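Summary of the model geometry
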Amino acid sequence: MNYLDAKSAPAREDRLKTNIAFGGTCAQIRGCIRAGCFSGKGCLNLADRRFAETQGCQFTLSLAILNTLRNAVVIMHAPIGCGACSIGNVGVNKTFKQLRDPSAEGVVWLSTNLDEVDVINGGERKLREAVLYADREFRPETIIVANGCVPALIGDDIDSILADLETQTAAKIVPIHCEGFKTKVMATAYDAVYHGILKKLTKKPERQQYLAESDLDKIREQYRISRNVNVLNVSSMSRQDELELQRLLNAIGLNVTFIPCYAEPEDFEYSLESSLNVSICGTHDDYFVEHIRENYGVPFLIDTIPIGRKNTDRWILKIAGHFGLEKEAQRLIEVENRLLDESLKPFRKVLAGKRAFLAGGEVRIVATAEILQDLGMEIVGFKAHHFDRFIEPMFDSLDNVDDVVIDVATNQPFEQSNLLNRLKPDVLITHTGGNNIYAKHGLPILPLFGPSYNYMGYSGVFEVARRLNRVMRNCQFNKKLSRYTRLPFRKEWYEKDPFAYIKNQDAV
Ligand code: SF4
């Protein structure tokens with residue numbers, strides 16, 4: 001894989017044959033993976049909807065990562081509304097930046113605020129002014145320019161403008177081409193962001209040559225690198241998640257660097273002084289780690305996500321295997337599992353037998369289902385934002401899900417509402433930020449992730465059980481919502497097949 005000569009990353013529909021429209025069972029979807037749907041034949045890749053209620057935008061998801069970077073100013077080259085989502089993240093991002101570095105600034109963003117006149121005349125002048133203002137006013141290490149649909153449609157030559165401006169600014173300028181109309185797969189955003197980082201921020205750091213002055217320094221440095229792993233964090237992870245994964249890897253003798261979220265721009269240079277890139281989630285990272293292996297020779301591991309005890313065991317063992325630390329890992333896993341078993345006993349009594357529906361990112365929902373099965377709960381349905389080959393390892397940790405329904409849909413709340421009405425789960429575990437409709441079903445809801453809570457590693461299993469226990473014991477708020485508010489869909493819709501609008505799914 002090498003897309004770095006291109007101006008921007010390809011859409012995931014093309015690169016990974018990612019699917020966003022499927023309705024069936026887990027057995028069927030796994031059959032598709034085995035049949036090689038993602039190898040280029042693209043049977044499921046052609047599936048779509050005759051009617052779609054909503055659509056995701058990769059620009060907004062790109063901002064979820066870009067707004068976390070420290071010592072950077074983000075310029076949104078777009079109409080002002082495109083960046084509105086950032087307002088919801090400002091507080092969290094500032095706090096989390098300061099957990100890494102107490103003197104870190106909060107999120108600094110500017111918008112070029114393109115309007116009708118700019119659509120005719122072009123956005124170049126506003127972009128130039130914004131970049132020079134950001135450099136002069138904030139003196140950041142990096143200025144990130146994320147462009148929305150408008151400049152892409154009117155043909156602003158952003159790369160040439162920024163190349164010219166870089167001769168006038170102290171900051172490095174990183175273009176991120178993430179216009180929303182380019183793809184229906186929001187996760188293309190990860191590739192768009194990494195594309196910019198790979199092109200502009202990733203290069204061998206100079207300090208390695210400096211440190212290699214004496215033989216002793218050289219040996220020390222080589223040893224440090226030989227025991228260092230980069231863990232590719234995601235913006236949905238909390239600091240507690242990071243500390244838990246760091247604790248586990250430290251326990252087997254490894255040091256950890258977290259990138260890309262909350263990193264400093266120069267951290268991407270130092271990240272090349274590592275022996276292994278470890279993905280938390282293939283859906284986020286494959287574009288980055290493949291390019292780093294190809295260009296800098298750092299190997300990578302993409303397998304499972306460390307959510308749920310079996311997935312965490314497997315994640316640790318895979319990493320340990322790379323360094324020959326399997327015995328240390330086995331000892332750690334034994335102790336952690338014993339402690340976890342003890343701690344889960346009281347929650348099993350309450351939660352065993354309860355039926356759950358999970359919705360959100362493909363990797364995360366299937367991995368989180370492992371925690372629920374561990375607690376004796378039954379999985380009745382999934383809804384995944386999209387579906388690609390990275391979902392497969394997560395299924396290994398689940399039992400008896402062949403007949404469980406899975407809906408693949410980016411947003412499309414009407415399909416999920418129909419499914420909830422049919423399946424009648426006892427609890428819903430679902431992506432944060434989109435639950436205003438589902439709460440009206442009167443179900444207890446546990447967010448699938450939360451920036452202030454721990455979900456990963458062994459402590460994450462305990463925390464999910466503890467919080468699930470709490471929300472299931474008291475869901476009066478949602479019950480009252482269901483009593484006094486109406487769901488937005490007609491009665492007739494609930495009598496229809498939830499997948500009635502999906503087309504070209506013939507291969508299944
Ligand atoms: S789809 Fe285009 S116009 Fe709409 S928010 Fe995304 S980038 Fe902006």
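Cut-off values and rules
Residues numbered from 1 in each chain as written. Predicted model: local features only at pLDDT ≥ 70, side-chain atom pairs only at ≥ 80, totals over all residues. Heavy atoms only, no water. Helix = DSSP H or I, 4+ residues; strand = E, 2+ residues; numbered from the N terminus. Rg over C-alpha atoms; globule rule 2.2 N^0.38 Å. Buried < 20%, exposed > 50% of the residue type's maximum accessible area, 1.4 Å probe, protein only. Contact = heavy atoms within 4.5 Å. Areas by Shrake-Rupley, 256 points an atom, 1.4 Å probe, with all protein chains shown as cover. Lys, Arg positive; Asp, Glu negative; His and termini not counted. Charge placed at Lys NZ, Arg CZ, Asp CG, Glu CD. Domains from an automatic or database assignment. Buried area = accessible area lost by both parts, 1.4 Å probe. Salt bridge = Lys/Arg side-chain N within 4 Å of Asp/Glu carboxyl O. Polar contact = N/O pair within 3.5 Å; in protein donor to acceptor, adjacent residues only side chain to side chain. Nonpolar A, V, L, I, M, F, W, Y, C, P; charged D, E, K, R; others polar. Pairing = 2+ DSSP bridges. Axes fitted to C-alpha atoms, helices over the stretch in contact; angles between N-to-C directions. Near = heavy atom within 4 Å. 1 Å grid on protein atoms, 1.4 Å probe; cavity = no way out; pocket = protein on both sides within 12 Å on 5 of 7 lines; lining within 4 Å. Points joined across faces, edges and corners; volume = space filled by probe spheres on them.

**Structural notes on the overall build of the protein chain**
Helix and strand content of the protein chain: 23 helices and 16 strands. Taken over C-alpha atoms, the radius of gyration comes to 23 Å for the protein chain, in line with the 23 Å a tight globule of 508 residues would show. Principal-axis analysis of the C-alpha atoms places the extent of the protein chain at approximately 60 × 60 × 45 Å. Looking at the protein chain as a whole, 57% of its 508 residues qualify as buried. Intrachain contacts of the protein chain at a sequence separation of at least 6 include 77% that bridge at least 24 residues. When the accessible surface of the protein chain is totalled, it reaches about 21,100 Å², and 50% of it is carbon and sulfur. Here the protein chain carries 63 positive and 65 negative side-chain charges, and the mean point of each set is 7 Å from the other.

**Topic: the domain arrangement of the protein chain**
With domains assigned, the protein chain is organised as domain 1 (60-200), domain 2 (220-302) and domain 3 (345-503). The C-alpha-based centres of domain 1 and domain 2 are spaced at 24 Å. Contact with domain 1, which involves 23 residues of that partner, is made by 24 residues of domain 2. When domain 1 packs against domain 2, the two sides together hide about 2,100 Å² of surface, and 60% of this comes from carbon and sulfur. When the buried area of domain 1 at its contact with domain 2 is split by residue, Arg 100, Tyr 194 and Leu 198 rank highest and sum to 32% of it. At the surface where domain 1 touches domain 2, the tally comes to 3 salt bridges. Our count for the domain 1 to domain 2 interface comes out at 10 residue pairs in polar contact (both at pLDDT 80 or more). Every element with two or more residues in the side of domain 1 that touches domain 2 is listed here: α4 (58-66), α5 (90-100) and α10 (188-200). Residues that form the side of domain 1 that touches domain 2 fall into these classes: 11 nonpolar, 5 polar and 7 charged.

**Focus: the pairing of strand β13 (residues 405-409)**
Summarising burial for β13: 5 of the 5 residues are buried, a large majority. Burial of β13 is two-sided: the residues Val 405, Asp 407 and Ala 409 facing one way and the residues Ile 406 and Val 408 facing the other way are all buried. Here 4 bridges tie strand β12 (residues 378-384) to β13, and the two strands are oriented parallel to one another. By the bridge assignment for β13, Ala 384 is matched with Val 408.

**What to know about the sheet that holds strand β15 (residues 445-447)**
What the 6 strands build is an open sheet, ordered β1-β13-β12-β11-β14-β15; its pairing is mixed. Both outer strands of the open sheet, β1 (21-25) and β15, are each paired with one neighbouring strand and no more. Averaged over all neighbouring strand pairs, the angle between strand axes comes to 15°, with direction disregarded. With 4 bridges connecting them, strand β11 (residues 355-360) and strand β14 (residues 427-430) associate as parallel partners. The residue of β14 that forms the bridge with Leu 358 is Ile 429. Lying on the sheet, helix α2 (residues 26-34) is in contact with β1, β12 and β13; it crosses β1 at an angle near 120°.

**Brief notes about the site of the ligand**
Close contacts around the ligand come from Cys 57, Phe 59, Cys 82, Gly 148, Cys 149 and Gly 180, and that covers them all. Split by residue class, the shell around the ligand holds 4 nonpolar, 2 polar and no charged.

**Some remarks on empty space enclosed by the protein**
In this structure the tally under the stated criterion is 1 cavity of 30 Å³ or more. A volume near 40 Å³ is recorded for the largest cavity. Residue lining of the largest cavity: Ile 65, Tyr 190, Tyr 194, Asn 233, Val 234, Pro 260, Cys 261, His 284 and Asp 285, and that is the complete set. Those elements giving two or more residues to the lining of the largest cavity turn out to be α10 and α15 (282-296). Along the lines of polarity and charge, the residues of the lining of the largest cavity split into 6 nonpolar, 2 polar and 1 charged. Taken domain by domain, the lining of the largest cavity gets at least three of its residues from each of domain 1 (60-200) and domain 2 (220-302).

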